[in-house]
Amino acid sequence: MKLKMLVFGLCLVSSIGFSQDYFPKNDGVKVANNHYTALTNATIYTSPTEIIEKGTLLLKNGRVVAVGKNVQIPLQTVVTDLSGKTIYPSFIDLFSDFGVSKPASARGGRGSQYEPTREGFYWNDHIMPENNAIDQFSFNAKAAKDLMSQGFGVVNTHIQDGVARGSGALIALNALETDAQRVLSSRSAQYFSFNKSAVKSQSYPGSLMGAMALLRQFFSDANWYGKGNSNTRDRSIEAFNAQKNSLAIFDAGDKGNIVRADKIGDAYQIPFVILGGGDSYEDLDAIKATNTTIIVPLNFPKAYDVEDPYKANYVSLEDMRAWNQAPSNPSTLQKAGIPITLTAHGLKDGKNFLSHLRKSVKYGLDKTKALEALTTRPAQLLNRKDLGHLKPGAMANFLVTSGDIFEEDSDIFENWVQGTNNILKDKNIVDIRGNYSMNFEDQSWTLNISGDIEKPAAKLTQDSTNLKSKLTYKEGWMYMTITNETGDGKFRLSALASKDAPIEGTIVKEDGTEALFTATKTSPFESKKETAVTSAPLVMPVTFPNVGYGYKNKPTAENTLFKNATVWTSEDAGILDNTDVLVRNGKIVKIGKDLTAGNAKIIDATGKHLTAGIIDEHSHIALKAVNEGGQNSTAEVKMEDVIDPEHMGIYRDLAGGVTTMQLLHGSANPIGGRSAIIKLRWGATADELIFKEAPGFIKFALGENVKQSNWSSYSRFPQTRMGVEQMFINYFQRAKEYDAKKKSKQSYRYDEEMEVLAEILNGERFISCHSYVQSEINMLMKVAEQFNFKVNTFTHILEGYKVADKMAEHGVGGSTFSDWWAYKYEVNDAIPYNAAIMQSQGVTVAINSDDAEMSRRLNQEAAKTVKYGGMSEEEAWKMVTINPAKLLHIDHKVGSIAVGKDADLVLWNNHPMSVYAKAEKTMIEGVTYFDLEIDKSQRIAIQKEKNTLIQMMIADKKSGAPTQAPKRSMKVEFHCDTMLD
Amino acid sequence: MKYFKNSLLALALTLGCSNIWAQQTPAGAQETAISITGATAHIGNGNVLDNATLVFKSGIITAIGDANTPTEGQIINVNGKHVYPGFIANCSSLGLVEIDAVRATDDQDEIGDIIPHVRSLIAYNAESKVVESMRPNGILLAQVSPKGGFVSGTSSVMQLDAWNWEDAVVKTDDAVHMNWPSSFRRGRWWMGEDPGLKPNANYKRDIDAFVSFMENAKVYNDALSNEKNAPFQAAKGLFDGSKKLFIGANGDKEIIDAVTTAKKLGIQEVVVVGGAEAYKVIPFLKKHNIAVLVEATHNLPGSDDADYDQPYKLPKLLADAGILVSIQNADAANFQNRNLPFYAGQVVGQGMDKEEALSLITLNAAKILGIDQEFGSLEVGKSATLFVSEGDALDMRTNLVSHAFIQGRQLSLETHQTELWKRYMGKYNSSEKTVE
């Protein structure tokens, strides 16, 4: 058995060690050193789960030859005794930019660049799979040393720029050899992200959803191209297809983006390994469901400096919790059984990696699992059988430590890479600390040496008088300068340290004459280090969502009987006095007088008003992005891709009685993105918010925004209303031809944008079109008629009153503001009577918000139609309930109080359209998501928890931990014309 | 040039066709006495009179009382309806901005850091369609103030039915407006910065600049100078109390710094504008007798952890503590000023008495502007600037103004918007008839 191992080892030697045998040598004679190295008597982790006590590790030519308790040491072996020391396989970082410089930003300049700059590559400049990190790689000795000091031996480096970033290179941090040895692979993995290139200026993608759509289309195109369908050459696609089977790593970042990246991977059979952020623990179930490996960064936030109560006020509970909970991220993922690897990426100072790793262990990360995450798992993902362990044949990449590497006081003495030893700390350092009696000539002093083993400090006394002294301890020699009582006159002293025998050396006296001295140890050094607190740190519970007003447990549906309410049905039944409504299993099951509750909870609604939940046809809350303005048509993007379920707007809207809304793309382009229709289930995940039964919608837009009238951009078609028409005609004609080709079963290139437009032509998707003036409203109806479909909704539609008859004839609905006007030129003729006039001509009319503030008062906005135009109260209320439900084709589920419909209900303390009314309870499918009483207790709980966290942060600061200045994180409140790029 | 001329002509024609310059003709001076009878009179000072009679002559209220009060002149019986003092919009941009996105129509923000000499008065467009749209909702008076920068300029108080700014003004150059620096600064997200708030390193430097200006202005005005300095001159009224200083400040620290600094400089009359965290420093505000013009209640709370109804209840928190409170919406779009009554109504939902909520936008507003001798309540001797509503004017459904008077002059309640409404309803009604 042993012989076999030896033979195996030798084989490797001949293949690796002599790899550059063919190089001529002109500066001397050619020699070879094929000696063995044996490290003996060490505790050896041959893998995270296999540990050998007092074992021997035998190396030759950069590889492990043998490892075990009884390894036979061959002749010609340099033997080092590592008694008391531990050997670990060194760490592997899958996500690094080692040796690759950060691309400098080339942004700026005037105007937007819509067209690509390259020829022969993919049409989008941010797709660069043809980039290879190795082409830019230059070994950085200093960065290598820093990485080695943290335990890393091998890193997978890549160019961190662009949406498709090209191939990475696997590098051993071997400072003593050349790239010929240290480059383990020059095509080790492909990298992707949602972020545009810093060096490219092409406008598209200008948003998260745009980046997602771009990746989907690219992967689809690569597939199509790979089947030989293209007449032209595309070096980007070819580079991607050539690497198709290598590891694919996605730089996702936050928890939501992990799920986003995974979905794209699943759709195109690309099993991404995904770099997360520090917040994955907040969405454990969704991340576990991705069934993929997460690369976990250890960049835990610093505590906020909150001693000043005024400044402390600026920090949100969400951010305070992030500080408190983030160190538990690695352990939470590990305990949930999610496969992880760890990375130094994201740390401002990479030299904090080990300390953060140890912190993670303190917060519950299992040591064995941590070691796997740093060794065997990344090696497996890279498909490298010779990395991540120390069994025979493995690359000799390992650490020599003083003890358990996960404990605070252990040291890494040596980091061996490919069999070369990088000494970080002298493992043979003589511990000179202790108490000595020191004598020279007739003098007798007492010397105490204490402190750090490498940088000890001395205290010198003569007849119980302190002498001033300074001790330097370096490379086994100690040097001291000593000042006498009066402060002048100096002794100088030098001696070679000695472990057991008395220290003997030379002392140079005040007058320059020399004498010999002896220091004899009288007693050993005793560490005064306090024993570390072993109890796990206090971590606040995660809520759903994990922000202020989140719930400790996700609320559940309750069977409920509302007794004796004034019921606004939004149906022909009208407004019913003293009526009961019974909710069972999330549905409205009975409406009537004196209903029996059965097992249902009874809510006395006497003197109160019960209505259907408000529906906002036009909102942009709860989104990570709103506009993809990088092209004039972006039907390929989906708002469902960028839902932010933690946005406080959701909770605030519930407090205003809103239960359902359409999250629309912005109005940056004539053909915008697909909508997300959601229910405001506070505490649910992004996917759970989606209104499953709602049909597909898309945002179109007309007028000033799509013409880019109010910002300086003059290069994108269209710049006039005339151009807008031609653009629509062109796109619909192309979609018609695309669909015909597809239906005829001819071979075609899948085009997500054309697919969506064809859905419109086929009546499978509905348009909600941002619109203001009558000419363009009329135009879009005519274009639609030309292509045999109907525009579903004109949203905003502030001049709808001028063409209400035409709208009624076409069969389009109007979703409008109650009273907005005068904010731009095209709304100069907007009038608050608009809703009433359109309604009078038979148009289905809704009142919408397009605004996080107004959305939570839509009941009041509906009331304005009573004031302006004399709408009846019953009809006015429909403007925010059944009418928007009709416009969204969800009126069979929501929008009114009728038996069989979803129990989306609001209990008001007053007439629901009175400015004085408050929502007391807001329910979605039987689940109470807002309750005025619970809200009160939440306010108190927020104050309390913040105070606890503030005290913890102040304690953290006092203990010497670094802090950051207080800040308030801010999400941008989106409107139609918000551009983020 | 020729092209330019032609296009101008074309523009003029287009605009002419849509009748865009049309504005209601201002009413002439009150010639005969008017008596309003049968009204529920909301006085503005917290009191209500049922079935009241109100008499005004030559623009002045001469009598108000129960049904036995002798009438005079023209009698307008408004049985079951409500009469209110005209609402007052503070810190507005009315008449300074017509269309927000059209730069040519925007006259509210001059360049320069400390420019108290810049006056809103002369830029006020008495023929603004936005101004006209205020009146059918009961807003009859407005403080028109410059915006932006540090010390933005000087406001004047206008009545909203006039031929020109000289007609319109009721108090000239009433106050200097400034924005107190914020100790936290918002990241410029459009430039890639974190959009969050972080400590403002320039906070003290900015305050020092203001202090230095004011100290110099003070000594300048102590004696006659041969060299004129318009900004210093414009600050004079702040020291003798003839002008107020309206300071925009929201944080509790900023409010304390602003008031303390202003008082130390010898500025007589200070009003806090915004005051989002004023409820945290109530004893301080009371001690210095500072009024607060809170931001419109229809706003989002300032932070995620804040109570969802924080902006709704702020006026009540302050008023309950005895602080003089009114409401402004300086930060919202100009047209939104017509929602002023509903901003006050919102506070009633938080438990404030309806009449007290009414005071927020009538007598309190007048007191803060220093025009309460003349406006702000239905009292004998005050200007007959008032209106009649079908119902509760603080609630959207019932704010239906049937009559409005400024200085006794009965004004038109038609607007560009009502005309379009009538024109298009007329079109549809006549075409329906044709069909029939």
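Residues numbered from 1 in each chain as written. Chains lettered and ligands numbered in written order. Predicted model: local features only at pLDDT ≥ 70, side-chain atom pairs only at ≥ 80, totals over all residues.

(A) Quick peek at the overall build of chain A. Secondary structure summary: chain A contains 27 helices and 43 strands in total. A total of 981 residues make up chain A; the buried ones form 52% of that total. If you take every contact in chain A between residues at least 6 apart in sequence, the share linking residues at least 24 apart comes to 68%. (Helix = DSSP H or I, 4+ residues; strand = E, 2+ residues; numbered from the N terminus. Buried ≥ 20, exposed ≤ 12 C-beta atoms within 10 Å, placed from the backbone. Contact = placed C-beta atoms within 7 Å.)

(B) Representation of the overall build of chain B. A tally of helices and strands in chain B yields 13 helices and 18 strands. Expected size for 436 residues packed as a compact globule is a radius of gyration near 22 Å; at 23 Å, chain B falls within 12% of this value. Referenced to the eigenvectors of the C-alpha coordinate spread, the extents of chain B come out at roughly 70 × 65 × 55 Å. Going through the 436 residues of chain B one by one, you find that 50% of them count as buried. (Rg over C-alpha atoms; globule rule 2.2 N^0.38 Å.)

(C) Quick peek at the interface of chain A and chain B. Facing the 51 residues of chain A at the interface are 44 residues of chain B. Looking at the side of chain A that touches chain B, the elements that each hand over two or more residues are α9 (309–312), α10 (317–325), α15 (648–655), α22 (834–840), α23 (852–855), α24 (858–867) and α27 (932–958) of chain A. No other element matches the five residues that α24(A) contributes to the side of chain A that touches chain B. In terms of residue class, the side of chain A that touches chain B is made up of 26 nonpolar, nine polar and 16 charged. (Nonpolar A, V, L, I, M, F, W, Y, C, P; charged D, E, K, R; others polar.)

(D) Structural detail: the domain arrangement of chain A. On domain assignment, one finds that chain A holds domain 1 (1–27 + 38–90 + 388–428), domain 2 (91–385), domain 3 (434–524) and domain 4 (614–894). Centre-to-centre, using C-alpha coordinates, domain 1 of chain A lies 66 Å away from domain 4 of chain A. (Domains from an automatic or database assignment.)

(E) Region of the structure containing the packing of helix α5 (residues 208–226) of chain A against helix α7 (residues 255–267) of chain A. All names here are of chain A. Viewed as axis vectors pointing N to C, α5 and α7 meet at an angle of 15°, and their least axial separation amounts to 10 Å. Between α5 and α7, the interaxial angle falls into the category roughly parallel. With respect to the hand of their crossing, α5 and α7 are arranged in right-handed fashion. On α7, the residues that touch Met-212, Leu-215 and Arg-216 of α5 are Arg-260, Ile-264 and Ala-267. Here the residues of the contact of α5 with α7 sort into four nonpolar, no polar and two charged. (Axes fitted to C-alpha atoms, helices over the stretch in contact; angles between N-to-C directions. Parallel < 35°, antiparallel > 145°, perpendicular 65-115°, else oblique. Left-handed = near helix turned anticlockwise from the far one by under 90°.)

(F) Structural detail: the domain arrangement of chain B. Residue and element names in this part refer to chain B. Here chain B is partitioned into domain 1 (22–85 + 376–436) and domain 2 (87–375). Here the C-alpha centroids of domain 1 and domain 2 sit 29 Å apart. Counting residues at the interface gives 34 residues for domain 1 and 36 residues for domain 2. Mapped by element, the contributors of at least two residues to the side of domain 1 that touches domain 2 are β5 (82–85), β16 (386–389), β17 (401–406) and α13 (416–435). Considering only residue class, the side of domain 1 that touches domain 2 consists of 14 nonpolar, 17 polar and three charged.

(G) Spatial organisation of the environment of Arg716(A). The topology assignment puts Arg716(A) in the loop between α17 (704–707) and α18 (721–743). Among all residues touching Arg716(A), those that are not within four sequence positions of it are Ser112(A), Tyr114(A), Asn632(A) and Gln708(A).

(H) Spatial organisation of the pairing of strand β2 (residues 48–57) of chain B. Residue and element names in this part refer to chain B. In terms of strand pairing, strand β1 (residues 34–42) meets β2 through six bridges, oriented antiparallel. Directly across from Ile-34, in β2, lies its bridge partner Phe-56. Counting the residues that bridge the hairpin from β1 to β2 gives five residues, and of these Gly-44 lies at a positive phi of roughly 110°. Pairing between β2 and strand β3 (residues 60–65): five bridges, direction antiparallel. The residue of β3 that forms the bridge with Thr-53 is Gly-65. What sits between β2 and β3 in their antiparallel hairpin is a turn of two residues, with Ser-58 showing a positive phi close to 50°. (Pairing = 2+ DSSP bridges.)

(I) Summary view of the pairing of strand β7 (residues 139–144) of chain B. Residues and elements named next belong to chain B. Burial analysis of β7 places six of its six residues in the buried class, the great majority of the element. Where strand β6 (residues 87–92) lies against β7, four bridges are found, and the strand directions are parallel. Bridge assignment links Ile-88 to a residue of β7, and that residue is Leu-141. The antiparallel hairpin formed by β7 and strand β8 (residues 151–159) contains six residues in its connecting segment, where Gly-148 sits at a positive phi of about 85°.

(J) Looking closely at unusual backbone geometry. All names here are of chain A. Look at the link from Tyr-204 to Pro-205: it is a cis peptide, with omega at -5°. Mapped onto the fold, Pro-205 is located in the loop between β9 (183–193) and α5. Backbone torsion omega between Phe-544 and Pro-545 reads -10°, so that peptide bond is classified as cis. Residue position: Pro-545 is located in the loop between β25 (514–524) and β26 (560–568). One non-glycine residue, Lys-745, lies in the positive phi region at around 65°.

(K) Fine view of the confidence of the model for chain A. Averaged over every residue, the pLDDT of chain A is 93; residues scoring 70 or more account for 95%. Considering only residues more than four positions removed or in separate chains, one finds that residues 1–18 of chain A, a stretch of pLDDT under 50, has 26 contacts. (pLDDT = per-residue confidence, 0-100.)

(L) Layout of the sheet that holds strand β6 (residues 91–96) of chain A. All names here are of chain A. The eight strands lie next to each other as β6-β7-β8-β9-β10-β11-β12-β14, forming an open sheet whose pairing is mixed. The open sheet has two free edges, formed respectively by β6 and β14 (340–343), since each of these has just one partner strand. Pairs of neighbouring strands in the sheet enclose a mean axial angle of 30°, with direction left out of account. Pairing of strand β8 (residues 164–172) with β9 involves six bridges; the strand directions are antiparallel.

(M) Spatial organisation of the packing of α18(A) against helix α19 (residues 752–761) of chain A. Residues and elements named next belong to chain A. Where α18 contacts α19, the two axes come as close as 8 Å, and the packing angle between them is 90°. The angle between α18 and α19 places the two elements in the roughly perpendicular class. In this structure, α18 uses Tyr-731, Phe-732, Arg-734, Ala-735, Lys-736, Tyr-738 and Asp-739 to contact α19, whose residues at the interface are Met-754, Leu-757, Ala-758 and Leu-761. Residue classes in the contact of α18 with α19 are distributed as eight nonpolar, no polar and three charged.

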